[in-house]
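Listed below are the residues making up each chain.
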Amino acid sequence: MWGCGYTMTTWVEEDSALEEILFDLHISVGVTLLFLLILRIAVRLAYAPPPLPDTIRRIERIGAHAGHVALYILPAVVIGFGWAEVDVGGHQVQWFGIPVAKVFPTVEVWEGLTETLHRWLAYTMLSVALVHVAAVIKHRWIDHHDILYRMI
Ligand code: HEM
């Protein structure tokens, strides 16, 4: 999603057929991810994960908890602002060619704001995701905490 989003807004020629294909793909996969996110949140609420190992320090527990909450909230708001950008700009979100509900009214003056928020929150989410992966590597291979079992 980051690669596609960046490519379609920077490298690809404006108003070209390739740009349209990438926009359609980005939006359709984004809508799919919204459904997967809702499913994931439902599963997370239905099944509590095992506790963190006792050996993890309090400060790391707080950091892990904040990071995990952010990994649910950020995709939701990134997708929300992406959807809003399309709607306020006077278009309608399509899922692989099928028009989906118009959630936000057309207010063209908000297009720039929703675009900026979508972009910056998307890159914030990328940073949090990278920190998450780095933390997994540290805990698993440096501290030898069995957190992969907990993730599975
Ligand atoms: C997890 C999901 C998503 C991620 C990580 C993501 C990420 C990105 C990124 C990195 C860009 C390029 C921003 C830039 O560098 O200028 C972008 C652009 C864009 N995204 Fe998403 N996106 C997601 C979901 C969505 C969804 C669901 C929609 C619409 C329903 C959407 C609509 C757009 C649009 C219209 C642009 C072009 C913005 C422009 O004109 O500059 N995105 N996205």
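Source: prediction; values computed, not measured.

### As for the site of the ligand
In the vicinity of the ligand, 23 residues are found, and the nearest of them are His26, Glu85, His118, Arg119 and Tyr123. Residue Glu115 places a side-chain N or O atom 3.1 Å away from an oxygen atom belonging to the ligand. Note that an oxygen atom of the ligand is positioned 2.9 Å from one of the side-chain N or O atoms of Tyr123. The set of elements that each furnish at least two residues to the shell around the ligand consists of helix H1 (2–10), helix H2 (17–46), helix H3 (58–88) and helix H4 (111–142). Of the residues in the shell around the ligand, the class split is 14 nonpolar, 6 polar and 3 charged.

### What about the coordination of the iron atom of the ligand?
Looking at the iron atom of the ligand, one finds its protein donor set to be His26 (NE2) and His118 (NE2), positioned 2.0 Å from the metal centre. According to the relative accessible area criterion, His26 is buried, its value standing at 13%. The class for His118 is buried, based on a relative accessible area of 18%.

### Overview of the packing of H1 against H2
Close contact between H1 and H2 brings their axes to 9 Å; oriented N to C, the two are set at 150°. The pairing of H1 with H2 is recorded here as roughly antiparallel in orientation. Between H1 and H2 lies a crossing whose hand is left-handed. From H1, Cys4, Gly5, Thr7 and Met8 reach across to H2, where they touch Glu19, Leu22, Phe23 and His26.

### Quick look at the environment of Gln94
Structurally, Gln94 can be placed in strand E1 (residues 94–95). For Gln94, a relative accessible area of 37% corresponds to the partly exposed category. Separated by 74 residues in the primary sequence, Gln94 and Glu20 place their C-alpha atoms 12 Å from one another. Here Gln94 is in contact with Ile27, Ser28, Pro99 and Val100, once residues within four sequence places are set aside.

Criteria and thresholds
Residues numbered from 1 in each chain as written. Predicted model: local features only at pLDDT ≥ 70, side-chain atom pairs only at ≥ 80, totals over all residues. Heavy atoms only, no water. Near = heavy atom within 4 Å. Polar contact = N/O pair within 3.5 Å; in protein donor to acceptor, adjacent residues only side chain to side chain. Helix = DSSP H or I, 4+ residues; strand = E, 2+ residues; numbered from the N terminus. Nonpolar A, V, L, I, M, F, W, Y, C, P; charged D, E, K, R; others polar. Donors = N, O, S within 2.8 Å, 3.2 Å for Na, K, Ca; no water. Buried < 20%, exposed > 50% of the residue type's maximum accessible area, 1.4 Å probe, protein only. Axes fitted to C-alpha atoms, helices over the stretch in contact; angles between N-to-C directions. Parallel < 35°, antiparallel > 145°, perpendicular 65-115°, else oblique. Left-handed = near helix turned anticlockwise from the far one by under 90°. Contact = heavy atoms within 4.5 Å.

Geometric values such as these leave the question of function open.
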